[in-house]
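Each chain, written out:
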Amino acid sequence: MSLKLAVPNKGRLNERTLELLRQAGLEIENGGERKLYAHVKNGDISVMFLRAQDIVRFVHKGAVDMGVTGWDLVLESELDVKKMLDLNYGRCRLSVAVPESMGVCGTDDVPNGAIVATSFPNMARKFFEEHGKEVEIATVSGAAEVTPHLGVANLIVDLVSSGSTLKTNNLREIAVIAESQAVLIASKKSFASKEREMTDLASAIQSVIAAEGKRYLMADVPTDALDEIRAFLPGVAGPTVMNIVGREDIVAIHVVVDKSCIYDSVNRLKRLGATGILIVPIDRMVP
Ligand code: AMP
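How each quantity is defined
In this numbering scheme, every chain counts its residues from 1 along its sequence in written order. Given that the model is predicted, a residue must reach a pLDDT of at least 70 before its local features are reported, and side-chain atom pairs must reach 80 or more before they are shown or counted; all residues, however, enter totals for whole chains, interfaces and linings. As a rule here, side-chain values cover all heavy atoms of the structure and leave hydrogens and water aside. Numbered from the N terminus, helices here are DSSP runs of H or I no shorter than four residues, and strands are runs of E no shorter than two. Here the globule rule reads 2.2 Å times residues to the power 0.38, and the radius of gyration is calculated from C-alpha atoms. Residue burial is assigned from relative accessible area. The probe radius is 1.4 Å, only protein chains are included, and a residue is buried under 20% of its type maximum, exposed over 50%, and partly exposed in between. By the counting rule applied here, Lys and Arg register as positive and Asp and Glu as negative, while His and the ends of each chain are not counted. In plain terms, the charge of a residue is placed at NZ if it is Lys, CZ if Arg, CG if Asp and CD if Glu. Here the aromatic set is Phe, Tyr and Trp, taking the six-membered ring for Trp, and pairing holds for ring centres within 6.5 Å; pairs whose planes are under 30 degrees apart are stacked, those over 60 apart are edge-to-face, and all others are tilted. Our definition puts a charge over a ring when NZ of Lys or CZ of Arg is within 6 Å of the ring centre and also within 35 degrees of the ring normal. Within this document, salt bridges are pairs made up of a side-chain nitrogen of Lys or Arg and a carboxyl oxygen of Asp or Glu, the two lying within 4 Å of each other. Each residue is tested against the molecule or strand, and it is near if at least one of its non-hydrogen atoms lies within 4 Å. Think of a polar contact as two N or O atoms within 3.5 Å of one another; within protein, one of them needs to be a possible hydrogen donor and the other a possible acceptor, and neighboring residues in sequence only count if both atoms come from side chains. Each domain's extent is set by a domain assignment, obtained either automatically or from a database. The pairing criterion is simple: DSSP has to find at least two bridges between the two strands. With axes taken as lines fitted to C-alpha atoms, and helix axes fitted only over the stretch in contact, angles between N-to-C directions fall between 0 and 180 degrees. The arc in question is the one traced by the directions running from the helix axis out to the C-beta atoms. Here a residue-residue contact requires only that any non-hydrogen atoms of the pair lie within 4.5 Å.

Undergrad: What is the right way to look at the overall build of the chain in this model?
TA: Secondary structure summary: the chain contains 9 helices and 15 strands in total. A compact globule built from 287 residues should have a C-alpha radius of gyration of about 19 Å, whereas the chain, at 25 Å, is more than 25% larger. Taking all 287 residues of the chain together, 45% fall into the buried category. Separation of charge centres in the chain, based on 33 positive and 37 negative side chains, amounts to 4 Å.

Undergrad: Would you take a moment to explain the packing of aromatic side chains for this structure?
TA: Each aromatic ring pair is specified by the distance between its two centres and by the angle formed by the two planes. The final tally for this structure, using the stated rule, is 1 aromatic pair. Between Phe127 and Phe128, the ring centres sit 5.3 Å apart and the planes meet at 85 degrees, which makes this aromatic pair edge-to-face. Exposure class is identical for Phe127 and Phe128. Each is buried. In this structure, Lys82 packs its charged tip against the face of Phe191, placed 4.8 Å from the ring centre. Positioned above the aromatic ring of Trp71, the side-chain terminus of Lys83 is 4.4 Å from the ring centre.

Undergrad: Looking at this structure, how should I read unusual backbone geometry?
TA: Working note: non-glycine residues mostly have negative phi, and peptide bonds are mostly trans. Even without being a glycine, Glu78 presents a positive backbone phi close to 60 degrees. For Glu78, the position within the fold is in the loop between helix H3 (71–77) and strand E5 (82–86).

Undergrad: Is there a simple way to explain the pattern of salt bridges in this structure?
TA: Pairing between side chains becomes possible if they bear opposite charge and their charged atoms approach one another. Enumeration according to the criterion identifies 15 salt bridges in this entry. Of the charged contacts, one joins Arg230 and Asp227 as a salt bridge, the two residues approaching to 3.7 Å between their closest N and O atoms. Here Arg230 and its partner Asp227 are both found in helix H8 (residues 226–232), 3 residues apart, which amounts to about one turn of the helix. Between Asp249 and Arg247 there is a salt bridge, with the nearest N and O atoms lying 2.8 Å from each other.

Undergrad: How should the site of the ligand be read in this particular structure?
TA: Within the structure, the ligand sits among Lys10, Gly11, Arg12, Leu13, Gly70, Asp72, Leu73, Gly90, Arg91, Cys92, Leu159 and Ser161. Interatomic distance of 3.1 Å between a backbone N/O atom of Arg12 and an oxygen atom of the ligand. The separation between an oxygen atom of the ligand and a polar side-chain atom of Asp72 is 2.5 Å. Among the domains, domain 1 (3–89 + 181–211) and domain 2 (92–180) are the pair contributing at least three residues each to the shell around the ligand.

Undergrad: It is not clear to me how the sheet that holds strand E7 (residues 115–118) should be interpreted in this structure. Could you clarify?
TA: Neighbouring strands of a sheet are bound in pairs by backbone hydrogen bonds; such pairs are parallel or else antiparallel. Strands sit in the order E8-E7-E9-E6-E10 across an open sheet of 5 strands; the sheet is mixed. Edge positions in the sheet fall to strand E8 (136–139) and strand E10 (171–180), since each of these pairs with one other strand and no more. The average angle at which neighbouring strand axes cross in this sheet is 25 degrees, direction not considered. Two strands pair when backbone bridges link them, and E7 and E8 are joined in this way by 4 bridges, in the parallel orientation. Residue pairing in the sheet places Val116 in a bridge with Ile137 of E8.

Undergrad: It is not clear to me how helix H1 (residues 14–23) should be interpreted in this structure. Could you clarify?
TA: One full turn of an α-helix is made of 3.6 residues, so residues set three or four places apart face in the same direction. Of all the positions in H1, only Asn14, Thr17, Leu18, Leu20 and Leu21 are classed as buried. Here the buried residues of H1 occupy an arc of 160 degrees about the axis, which is enough to place them on one side. Packing partners of the buried residues in H1 comprise strand E1 (3–8), strand E3 (45–50), strand E4 (66–70) and helix H7 (188–211). Immediately downstream of H1, the backbone of Gly25 shows phi near 105 degrees, a positive value.

Shown next, in the form of structure tokens:
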């Protein structure tokens, strides 16, 4: 059965999402900024390019079966969709920030009656209600960080990643409402009839995420150093050990290693007499 997948048509999540789908093996025809939809050459999947904000609603309605969007937008929508995967990019947090000059250090200090500018009115309202604060929510469609300087709001609730935009605008982050990243979501309406197709796509994407930060290491090592090597290179299910024709004294090992451990592992292997060390990237890891 064919699957409709919605992808952000521009903005921060667009490029990495298309790259991820390609790494997962999908050959997307003419995927680009101005396209409204594209066909996947090697699978029964149509890709729709939509605004990240709209993707949650369309997935919820079942107009598309699956979508990639920000978790912040799913939370703000308050719609019931099925989260299939965290995608490990587009990381940010929804935070409360105040002008440095306001002298407010935490949520408890926010005065009742303060005006909060935000593109996330539902989450902001809920947050201040939970903290017993009566604030006025002023919904803006973007650039909330300039509103305190314009005198139209006292504080903001906005997405933060590095914090540099806040700093540039002399704003201080005083509370984190929610953490976010890109997610793969599925429509509960179509899940029953398309569970297999949805799970296949999610597991292909998961295999790319699993391979991120991993490398495949190959080396020829002295046979009598194998036990010691196994202790610091455990691999996924133990290193693969292969005989080398005509040699008793050395064997070849293949092992999946965390990228962060490569420097140390290679140095240790060399000290134990390893030769012919090769390190290659891994496209996907399917368990
Ligand atoms: P767009 O408005 O299309 O660029 O997409 C915005 C989405 O990108 C947000 O809803 C977040 O999920 C994600 N994102 C990641 N980092 C940030 C950030 N620093 N500011 C805004 N959005 C971010």
